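Chain by chain, the residues:
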Amino acid sequence: MQAYSLIAPAKINLYLEIIGDRPDGYHELAMVLQSVALADHITVRANGTERIQVHCNHSEVPADQTNLAYKAVALMANQFPDAFSQFGGVEVTIDKSIPVGAGLAGGSTNAAAVLVGVNLMWGLGLTQVEIQELGAKLGSDVPFCVAGGTAIATGRGEKLSPLPSLDSLHVVLAKYRSLSVSTVWAYKTYRNQFSSSYISDDAGLEERRQRVHSGAIVGAIAQHDGGAIGKLLHNDLEKVVLPEYPKVTQLRETLQLFNSLGVMMSGSGPTVFALAESQAQAEAISSQLRAALPDPDLEIWATKLIANGIQLAH
Ligand code: ATP
């Protein structure tokens, strides 16, 4: 087939703990990642040339080789040169719904969708694990975005252990359109302020990695206990992002006024989310938030947790 359309969901972090530094310059993390129904639509098609082309309907998303979707095609072309010369160049079209620079892994999920789509289009027959291994070369969140659902992520975020699905829960996402936070800035600032508490010995790192597997939030997820999950939400990056972005702090405090399971910033922000036990509760939170902060710059989505990553669009 010449073209594939895919759905590329966003992710939120139910838990994000920074454990220490790694020899490769990244941080050692312990996270619980969760896919949500808010998604971009990606189309990959053979363009009959030797070039890679990217189109996106969002002005802040680059259409050149810095786009993660472009990098994903380039990686496939590099890894599978015979298929690239047989099938030729690829045109990627990104229909963006996920806000950009939001802490929702928008770029990573686009790259994941391109890997899945090109694998199908070129008939490569790669397994999900093989696609995830390729994805890890593009970014730490890409392997999770391929499989999605609910998972523990350790290492840079690329070592995954699946958890039971939470797809009965809902979530409200809120972000100021004009605010974005650089992920690189957030981690660098965290290192500047908190590296004295980093664990550096191998045994200590392994112990902390293991601790998340038996941690309270993982236990609450296994029990499907939405109330407990809401109370155990955690994100170390709040310590650097909230003081620097007072509007995000105010948004978080406002969301906490309403009846929800729990409130937290996602990833490096500035998106803040409120977990909800039902669609009705999510809709109530959305309208209360809109009434409390009637700023046209504030975007709000009532959506749900889902049990999958990249899927073919029907
Ligand atoms: P993460 O949660 O993985 O840190 P994010 O949600 O904070 O990511 P993205 O939306 O992925 O951030 O965008 C970060 C930057 O990456 C943007 O400023 C944009 O210039 C660039 N970028 C490259 N490719 C894409 C893409 N396909 N979609 C969105 N942004 C992209």
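From a predicted model like this one, the values you see are computed outputs, not experimental measurements. (Residues numbered from 1 in each chain as written. Predicted model: local features only at pLDDT ≥ 70, side-chain atom pairs only at ≥ 80, totals over all residues. Heavy atoms only, no water.)

Undergrad: What should I look at first to understand the nonpolar core in this one?
TA: Grouped burial of nonpolar side chains is what soluble globular proteins tend to show. Ile18, Leu237, Leu251, Leu255 and Leu289 are the most contacted members of the largest nonpolar core, which has 36 residues in total. Per-domain counts for this core show at least three residues from each of domain 1 (4-166) and domain 2 (170-303). When neighbours within four sequence positions are excluded, isoleucine 18 is seen to be in contact with His27, Glu28, Leu29, Tyr187, Tyr190, Tyr198, Asp236 and Leu237. Among the nonpolar cores identified, the runner-up in size contains 35 residues, and Ala83, Ala112, Ala113 and Ile131 belong to it. (Core = buried A, V, L, I, M, F, W, Y, C linked by side-chain atoms within 4.5 Å. Buried < 20%, exposed > 50% of the residue type's maximum accessible area, 1.4 Å probe, protein only. Domains from an automatic or database assignment. Contact = heavy atoms within 4.5 Å.)

Undergrad: What is the right way to read the environment of leucine 289 from this model?
TA: The residue leucine 289 is located in helix H12 (residues 279-292) in this model. Taking relative accessible area as the criterion, leucine 289 reaches 0% and is therefore assigned buried. Along the backbone, leucine 289 and glycine 106 are 183 residues apart, and their C-alpha atoms lie at a distance of 24 Å. Not counting chain neighbours up to four residues away, the residues in contact with leucine 289 comprise Ala174, Leu251, Thr254, Leu255, Phe258, Leu298 and Ile300. (Helix = DSSP H or I, 4+ residues; strand = E, 2+ residues; numbered from the N terminus.)

Undergrad: How do you make sense of the layout of surface pockets when you look at a structure like this?
TA: The gaps of empty space that remain are located by a probe, the size of a water molecule, rolled over the atoms. A volume near 1200 Å³ is recorded for the largest pocket. If you go around the largest pocket, you meet 46 residues; those closest to its centre are Ser108, Asp141, Thr183, Val184 and Ser268. Secondary structure elements with two or more residues in the lining of the largest pocket: strand E1 (3-21), strand E2 (27-46), helix H1 (68-79), helix H3 (106-121) and helix H6 (183-194). Taken together, the residues that form the lining of the largest pocket break down as 19 nonpolar, 19 polar and 8 charged. Computed from the structure, the second largest pocket encloses a volume of approximately 160 Å³. Lining the second largest pocket, in full, are His58, Glu60, Lys96, Ser97, Ile98, Pro99, Val100, Lys175, Arg177, Glu299 and Trp301. Class assignment of the residues belonging to the lining of the second largest pocket gives a composition of 4 nonpolar, 2 polar and 5 charged. Composition of the lining of the second largest pocket by domain shows at least three residues from each of domain 1 (4-166) and domain 2 (170-303). (1 Å grid on protein atoms, 1.4 Å probe; cavity = no way out; pocket = protein on both sides within 12 Å on 5 of 7 lines; lining within 4 Å. Points joined across faces, edges and corners; volume = space filled by probe spheres on them. Nonpolar A, V, L, I, M, F, W, Y, C, P; charged D, E, K, R; others polar.)

Undergrad: Explain the side chain of arginine 22 to me, please; I cannot follow it from the model alone.
TA: Positionally, arginine 22 belongs in the loop between E1 and E2. With a relative accessible area of 18%, arginine 22 lands in the buried category. Once residues lying within four places of it in the same chain are set aside, the contact partners of arginine 22 are His27, Glu28, Gly155 and Arg156.

Undergrad: Even after reading the chapter, I still don't get the sheet that holds strand E7 (residues 170-176), so can you show me in this structure?
TA: Strand pairing in a sheet relies on backbone hydrogen bonds, with the paired strands running either antiparallel or parallel. The antiparallel open sheet is built from 4 strands, whose spatial order is E9-E10-E7-E11. Single-partner strands in this sheet number two, and they are strand E9 (262-265) and strand E11 (298-304). Between one strand axis and the next, the sheet turns through 20 degrees on average, direction left out of account. Bridge count for E7 against strand E10 (residues 272-276) is 5 bridges, and the pairing is antiparallel. Residue pairing across strands places histidine 170 opposite alanine 276, the latter belonging to E10. Where helix H11 (residues 246-255) meets the sheet, its contacts fall on E7, E9, E10 and E11, and the angle it forms with E10 comes to roughly 15 degrees. The strands touched by H12 within the sheet are E7, E10 and E11, with E11 carrying the most contacts at an inclination of about 175 degrees. (Pairing = 2+ DSSP bridges. Axes fitted to C-alpha atoms, helices over the stretch in contact; angles between N-to-C directions.)

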